[in-house]
2 protein chains.
Amino acid sequence: MGRLSELFEPETVGVIGATDREGAVGRAITANLREEFAGEVVPVNPSRDEVLGLECYPDATSAPPIDVAVVVVPPPAVVEAIREVAEAGTENVVVITAGFSETGSEGATRERQLREVAAEYDLNVVGPNSLGVMATDVGMNATFGPESARRGSISFMSQSGAFITAVLDWANEQGIGFQDVVSLGNKSVLDETDFVREWGEDPDTDVVIGYLEGIDDGDEFVEVAREVTDETPIVLVKSGRTDAGAQAASSHTGAIAGSERAYEAGLEQAGVIRANSVQELFDYARALSGLPQPESDGVAVVTNAGGPGVLTTDAVGDSSLGMADFTDETIDQLAEAMPEEANVYNPIDAIGDADVDRFGEAVEIALSDPHVGSAIVVSAPTAVLKYDKLAETVIEKREEFDKPVVTCLMGGDRARAAEEVLREFGIPNYFDPSRAVAGLDALARYRDVRERSVDDPERFDVDRERAREIVERAKERDDNRLGVESMDLLEAYGIPIPDGEIVDDPDRARAVAGSIEGDVVMKIVSPDISHKSDIGGVRVGVSDEDVYDAYEDVVARARNYQPDATILGVQVQEMLDLEASTETIVGMNRDPQFGPLLLFGLGGIFVEILEDTSVRVAPIGEGEARAMVDEIRAAPLLRGARGREPADVDAVVETVQRLSQLVTDFPAILELDVNPLVAGPDGVQAIDLRLTVDTEEL
Amino acid sequence: MGRLSELFEPETVGVIGATDREGAVGRAITANLREEFAGEVVPVNPSRDEVLGLECYPDATSAPPIDVAVVVVPPPAVVEAIREVAEAGTENVVVITAGFSETGSEGATRERQLREVAAEYDLNVVGPNSLGVMATDVGMNATFGPESARRGSISFMSQSGAFITAVLDWANEQGIGFQDVVSLGNKSVLDETDFVREWGEDPDTDVVIGYLEGIDDGDEFVEVAREVTDETPIVLVKSGRTDAGAQAASSHTGAIAGSERAYEAGLEQAGVIRANSVQELFDYARALSGLPQPESDGVAVVTNAGGPGVLTTDAVGDSSLGMADFTDETIDQLAEAMPEEANVYNPIDAIGDADVDRFGEAVEIALSDPHVGSAIVVSAPTAVLKYDKLAETVIEKREEFDKPVVTCLMGGDRARAAEEVLREFGIPNYFDPSRAVAGLDALARYRDVRERSVDDPERFDVDRERAREIVERAKERDDNRLGVESMDLLEAYGIPIPDGEIVDDPDRARAVAGSIEGDVVMKIVSPDISHKSDIGGVRVGVSDEDVYDAYEDVVARARNYQPDATILGVQVQEMLDLEASTETIVGMNRDPQFGPLLLFGLGGIFVEILEDTSVRVAPIGEGEARAMVDEIRAAPLLRGARGREPADVDAVVETVQRLSQLVTDFPAILELDVNPLVAGPDGVQAIDLRLTVDTEEL
């Protein structure tokens, strides 16, 4: 494949299927291109000599060399048209034509052929079913939309062409500019990951934004985005978040929506900032494209009005940021500079008669405070306050201190001119204090993304061969479910399990119990019986003399409950002190897009009723494993709340990592549940295990 | 007090302190009034003959009768000025002048005098420290702000004058109109409750909105607002929600902020819809002022673009509404009317080439579906879609079916003209699908407010006299804390308590234990010892023969722990089967603004760690008591989750109501905790009690 960057810096763009016909897409694209494109526009159409005044060529071979070919011929002609431009040397193709996989089996066949020709010639192909692409650097608008993007530093991809049309119309009015714009269409060849990678290397792209309905290869996306977000923020609207939305998305794109929980975890791990609406998308992007990240979370609020100051303070309280605690020096300086009635504590209320000079002084003193990481200037319109002058002062102070500053100059018309001046210097003005805070919050979140230490997953020394043998039992047994009889799988990966053994006769049971100190727990072992306790298949506190009878009893009960159940034996296990321990659950299921999704929670009601769980896409390192444990609401219970001895959280964290390694090592494990993993003051022990194995994969 | 409505329909407005002086507030107000006021403007100032071309009078006595007097004289002259206009017959006064309670003790004295003169003459007084008032019906702008409100049906009060200035400037640009506008100032005489009451009776006010930093008498506000919201929606921004915000509000207004939890409960019980930002305030108000409430929660989405359709569906999923499930008939009709590629399931995607006619058909078919309560029209700009015509069609269909419809015509400039047409017919157009859904959601929430059955608190037959005696023990004992020794207080209010007695010698303990079936629980009773278990002051499962020794033991341990502790005896209590029960907590503390705030939760970690509690302002009826129990996250545990027998939820609900009655009957009870209230399958029992009593109140 040629370098993708060439798609955005062509010297010639060919329109394959160009036409003069009113209302035709081939006309609209040619017209849009002709408007501002710095290079040459090459119409191709065998039945015309000229299109919109440009010389038209019968085919790609006879045309001048084409860097980017935009294909608008009817669906059945698309694949041949691509082959033709490829033969003539073109490496970048944008397929506008619809009527592919989104329309049924005939279209799906066409799309497969399209992929094949792309692979054969090693082409970059956007679409099919795309609105087109724009590159403002070279003035290229190769779309059939009604608007061209203004030049700027935001690069924008969208799985919905209409979303681009709607956004551009509004963005142009707001003065928001773009670097590159791509309508992804059916993502037959190039997808979101390709553009994220490309824009991550583009020095002219400050922020990548996107509207996506699905991510095809979540795993790869996370890997690429994680690297890109070290230097370039990514903000995404991923729709289909809710059940109804997912259904709508899948009927829109024909793709499987995937689990929202996996997207949430995957995008977070990738360092992507997620927006839930168009408004959030641009509120974040405007801050991220023009401002540095704050060095600390302390926010200073400077206002001329008490009410809006309080509202802003509330919004700061709702965010991940906090109101900066001014130093005594700051307070003294403010007290000297401000009138007596002013409030010199944060939020600074310079009161209603504050002019630009007083505002400027307050902003300067606030920004020089070491506790202040960022500032918001909030103002109500007054007779003495000139918004355009205020804008200049805010720009000056922002640059002097190199801390992020956003504004909320309230009011209608009178804020417009000031807004434009501010925008030019990268300072977003927001309608509402809460949105201004959201802008700063996005900066702080991106700072955290950049500073995160993505620790490489630790490779524990495990007995992988033994584990393989155990997993393969599923194939031997011709049953894809493994249970407590496979606990040695955990042992092979260094996860502690209680002393004990699975036995298949009562004498052996007695022998095992004799080798264990104290009473034992006995459980029926059968892949066919899931609620062992309910059928009397579990006995606790069995003394050595009762072991023989207990064996007979649990087996009898199991047979009685389900005569044809496969009974693998009876587990005789050391009895743990559960009083001083907390039951936790570590689980995994494999997401079609993102792969192994780990889940952690406390046992019983915490997972089942309170749904208090955390998830991550495996593999994960220690930092993320620890975050999984810390972020559940009930985490204080593990740390020793209510006078209990704290559990060995390090051991829990290590177990999560070891399971992460296990499920990464064995893609054949489809689902896994260690439930419970008992966490006590002196470590953890896995008490029960269930897994489902894809026997085809073995 | 004269009728408050007269404040908004004066024939004459006097400006006491009117002046020509540039930059003076007395000039700005006179100028604003002269602009559009339908009646007569009467400047009063002894040192001028004429102000802005109007005849000026030396005092109120010599002036024509003044319906509303706007006072702008210096602070020390305000009270005398009010007396003078009152003597001359004026009943409505707006005090613009600042320098009252917000500025220290001298100001506070002046404000007291102001209140006295208002009471003496039975005056309606707005302010002091107010921006003024507006009544668009009579063209009155009696403020010194730079903008006049456009005429409309929203009445607006604000505790921040700057908030009004900021909002009006923007609202005028957006074409949003108001009926009355009041800057509340220091709320010395008239407060939020007065205006809510007044606007509730005003046929020209469709929605009441407000910005408040505190509510002075929460109790009264709830009572009045509850009645008003039966007919007129109220939307409020109550700032100071967060700790930092509350601190900022209290430094802004000098008022105690009060507990956010109490505001949340009180406003909810009053039927107030709460907004957290200026944007939300108007997003809600715009829908509420022009549209009917939906009869059902099913939303139909009609769009010409898949992506925005999915986004809208997500937003519906996030709201209290749901996507309507179309009838087969609707699907058939849509299939017939739409092109083949269209999606005829909800969201309806009429696809990119949809013109106004096709949109209109889709909207009509959707609105005629009985499952559809409301609709959202979402569109991306296209060449074939004329937004102004689409607006007309949407208006027509909305009126034909009388169901609420909102729009999200995406794009910038091209949406403006359509927006104006829609607005005229009460249909708000929103920038973003999520905001459009929020508008519909506000309508549905208001429908629920109107339909709620605020059941009057049931008056249980209780032994109030006996309760009084028990509460008064606190005074006798000279200790405002009562504990388990006062459990008969609960009994007096019909709340079951276990068999038992508090005894003060071991023989009596033995006798009591003998009269109770089975083993007993014994607990030290002392107001000085709160963690009885920790010091060995509790013994469970005591058999009859051990009672004597157990008595001596717990007393000895208590003495040993704290030699000077007051020991009231030892409680000998029936032992309950806690295995089959769930521990709950019912508590109350008295909020300075709203009065008794009831709290419900499950015991132990649920309240302490998970903070899973519900609150209401007492008194409450059965419906709200039941909602308190139902809305905690752990509620399924009470209803018999995980194979347990369900607890007697009715008994829990009744206990909450009885406690509501108790704390309402006895304002002297400052705090109360029934912890635990054990709920089992056959009812509840209160096991322990603590209360704090205001002995002054007794």
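In what follows, the accompanying structure is described. Since this is a predicted model, take the numbers as computed values, not measurements.

We now examine the sheet that holds strand E13 (residues 234-238) of chain A. Residue and element names in this part refer to chain A. If you trace the seven strands from one edge of the open sheet to the other, you get E9-E8-E11-E10-E12-E13-E14, paired in mixed fashion. A strand with exactly one partner marks an edge of an open sheet, and here the two such strands are strand E9 (140-143) and strand E14 (273-275). In this sheet, adjacent strand axes meet at a mean angle of 25° when their direction is disregarded. Summarising the sheet, strand E8 (residues 132-135) and E9 pair through four bridges and their orientation is antiparallel. Looking across to E9, one finds that Val133 is bridged to Ala142.

Let's shift gears to the pattern of salt bridges. For the structure on display, the rule yields 92 salt bridges over all chains. The salt bridge involving B:Arg450 is made with B:Glu231; its shortest N-O contact spans 3.8 Å. Taken together, the residues span a long stretch of sequence, with B:Arg450 in helix H15 (residues 433-451) and B:Glu231 in the loop between helix H6 (218-228) and strand E13 (234-238) at a distance of 219 residues. Judged by relative accessible area, which is 37%, B:Arg450 ranks as partly exposed. The salt bridge partner of B:Glu622 is B:Arg626, with a shortest N-O separation of 3.0 Å. In this pair, B:Glu622 and B:Arg626 are both assigned in helix H21 (residues 622-631), four residues apart and thus about one turn of the helix distant. Overall, B:Arg626 belongs to the partly exposed group, its relative accessible area being 26%. Overlapping salt bridges, with partners in common, bring together A:Arg226, A:Arg616, A:Glu624 and A:Glu631 in one network.

Okay, the relation of the copies chain B and chain A next. Least-squares fitting of chain B to chain A yields an RMSD of 0.1 Å, with the transformation described by 0.0 Å of translation along the axis and a rotation of 180°. Interpreted geometrically, this transformation is the action of a two-fold axis. When each C-alpha of chain B is compared by its distance to the rotation axis, B:Leu610 comes out closest, at 4.9 Å. Same-surface contact between copies: 100% of interface residues of chain B are shared with the interface of chain A.

On the side of chain A, 65 residues touch chain B, which itself brings 65 residues to the contact. For the pair chain B and chain A, the summed buried surface comes to about 5,100 Å²; carbon and sulfur atoms form 63% of the total. Summed over the shared surface of chain B and chain A, the number is four salt bridges. Residue B:Arg416 pairs with A:Glu173 through a salt bridge whose shortest N-O separation is 2.9 Å. For the interface between chain B and chain A, the tally reads 21 residue pairs in polar contact (both at pLDDT 80 or more). For the side of chain B that touches chain A, the secondary structure elements donating two or more residues are helix H4 (161-174), helix H7 (243-253), helix H9 (278-290), helix H10 (306-318), helix H14 (413-424), H15, helix H20 (605-608) and helix H22 (635-638) of chain B.

Cis geometry is found at the peptide bond from A:Asn675 to A:Pro676, where omega equals 0°. As for its placement among the helices and strands, A:Pro676 is situated in strand E28 (residues 669-680). Look at the link from B:Asn346 to B:Pro347: it is a cis peptide, with omega at 0°. Within the fold, B:Pro347 resides in the loop between helix H11 (328-337) and strand E17 (348-349). We note that B:Asp122 has phi near 60°; this positive angle belongs to a residue other than glycine. Note that B:Asp122 resides in the loop between helix H3 (105-121) and strand E7 (124-126). You can call B:Asp122 partly exposed: its relative accessible area is 41%.

Parameters at a glance
- Residues numbered from 1 in each chain as written.
- Chains lettered and ligands numbered in written order.
- Predicted model: local features only at pLDDT ≥ 70, side-chain atom pairs only at ≥ 80, totals over all residues.
- Heavy atoms only, no water.
- Pairing = 2+ DSSP bridges.
- Helix = DSSP H or I, 4+ residues; strand = E, 2+ residues; numbered from the N terminus.
- Axes fitted to C-alpha atoms, helices over the stretch in contact; angles between N-to-C directions.
- Salt bridge = Lys/Arg side-chain N within 4 Å of Asp/Glu carboxyl O.
- Buried < 20%, exposed > 50% of the residue type's maximum accessible area, 1.4 Å probe, protein only.
- Least-squares fit on C-alpha atoms with pLDDT ≥ 70 in both.
- Contact = heavy atoms within 4.5 Å.
- Buried area = accessible area lost by both parts, 1.4 Å probe.
- Polar contact = N/O pair within 3.5 Å; in protein donor to acceptor, adjacent residues only side chain to side chain.

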